[in-house]
Each structure stands twice: as C-alpha cells, then as structure tokens.
Amino acid sequence: MEDEEKESAANSEIRFLTLELMKLAHKSGKSFEEVARKYLENGERLHSMLKQGEGALPQKKSGSVIRQK
C-alpha cells in the first residue's frame, strides 16, 4: 500500500513538472526536450553544489546579478 502511494505521488509530481516544462517550452519557443534537458542539468548542478558545500550556497554580493550560461 505504501509503495502504491509513493508511486502515485511520484506520478503526480511528474505530471506537474511535465506541464510546467511544456508551458516554459511554449513561451520560450524552444522544444520540450531542450527545456527538460536544461531543467535536469540545473537540478544535477544544484545537487552537486549542495553536496560540495554541505548545504551552503555561495553568498550573493550586493548589487551583483547571477546569470546562467
């Protein structure tokens, strides 16, 4: 029963993320695959940053803007 609930929750999250990525792809004029790939890359990058910094993200200097590549 607990496994079914976890699977159902995971499926709900995947549906939600899929819809959000579809909206972003439509707005940006990019393909869903391109937007989804970037989302996954950013998630992996954040995971790596959190592991390396033991949960601490670098502090943003006042007045500076963080830009993505």
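Once a new chain begins, its residue numbering starts again from 1 and follows that chain's sequence as written. Where totals are concerned, whole chains, interfaces and linings use all residues; where local detail is concerned, this predicted model gives features only for residues with pLDDT of at least 70, and gives and counts side-chain atom pairs only at 80 or more. Here the side-chain values reflect all heavy atoms present in the structure, with hydrogen atoms and water set aside.

Draft legend 1. Quick look at a nonpolar patch on the surface. Patches were defined on residues exceeding 30% relative accessible area and lacking a salt bridge, with like-charge contacts within 9 Å and nonpolar side-chain contacts (Val, Leu, Ile, Met, Phe, Trp, Tyr) within 5 Å. Each accessible area is a Shrake-Rupley result for a 1.4 Å probe, and residues are judged covered by the shown protein chains and nothing else. Take a side-chain nitrogen of Lys or Arg and a carboxyl oxygen of Asp or Glu: if they are within 4 Å of each other, that pair is a salt bridge. Residues Leu19, Met22 and Phe32 make up a contiguous nonpolar surface patch of about 270 Å² in total accessible area. Along the chain, phenylalanine 32 turns up in helix α2 (residues 32-52). In this text, helices come from DSSP runs of H or I with a minimum length of four residues, and strands from runs of E with a minimum of two, each type numbered from the N-terminal end.

Draft legend 2. Up close: the layout of surface pockets. Of the pockets and cavities examined, the second largest pocket occupies roughly 170 Å³. Taken together, Leu21, Leu24, Ser28, Lys30, Glu34, Val35, Lys38, Tyr39 and Asn42 make up the full set of residues lining the second largest pocket. At the level of secondary structure, the elements contributing two or more residues to the lining of the second largest pocket comprise α1 (2-28) and α2. Here the lining of the second largest pocket gets 5 residues from one element, more than from any other, and that element is α2. Cavities and pockets were defined on a 1 Å grid built over protein atoms only: a cavity is a set of grid points that admits a 1.4 Å probe from which the probe cannot escape, a pocket is an open set flanked by protein on both sides within 12 Å along at least five of seven lines, and lining residues are those with an atom within 4 Å of any such point. Grid points are joined across faces, edges and corners, and a volume is the space filled by probe spheres set on the points.

Draft legend 3. Here's a closer look at a negative patch on the surface. Residues Asp3, Glu4, Glu5 and Glu7 make up a contiguous surface patch of negative charge. Tracing the sequence through the fold places glutamate 4 in helix α1. Taking the relative accessible area as the measure of exposure, glutamate 4 reaches 58% and is therefore exposed. A positive count includes Lys and Arg, and a negative count includes Asp and Glu. His and the chain ends are not counted in either. To locate a charge, the coordinates of NZ of Lys, CZ of Arg, CG of Asp or CD of Glu are taken. Only protein chains enter the area calculation, which uses a 1.4 Å probe; residues under 20% of their type maximum are buried, those over 50% are exposed, and those in between are partly exposed.

Draft legend 4. Representation of α1 in the model. Multiplying 1.5 Å by the residue count of a helix minus one yields the expected span of that helix. Here α1 spans 39 Å end to end across 27 residues, near enough to the 39 Å set by a 1.5 Å rise per residue. A positive phi of about 80° marks glycine 29, the residue just after α1.

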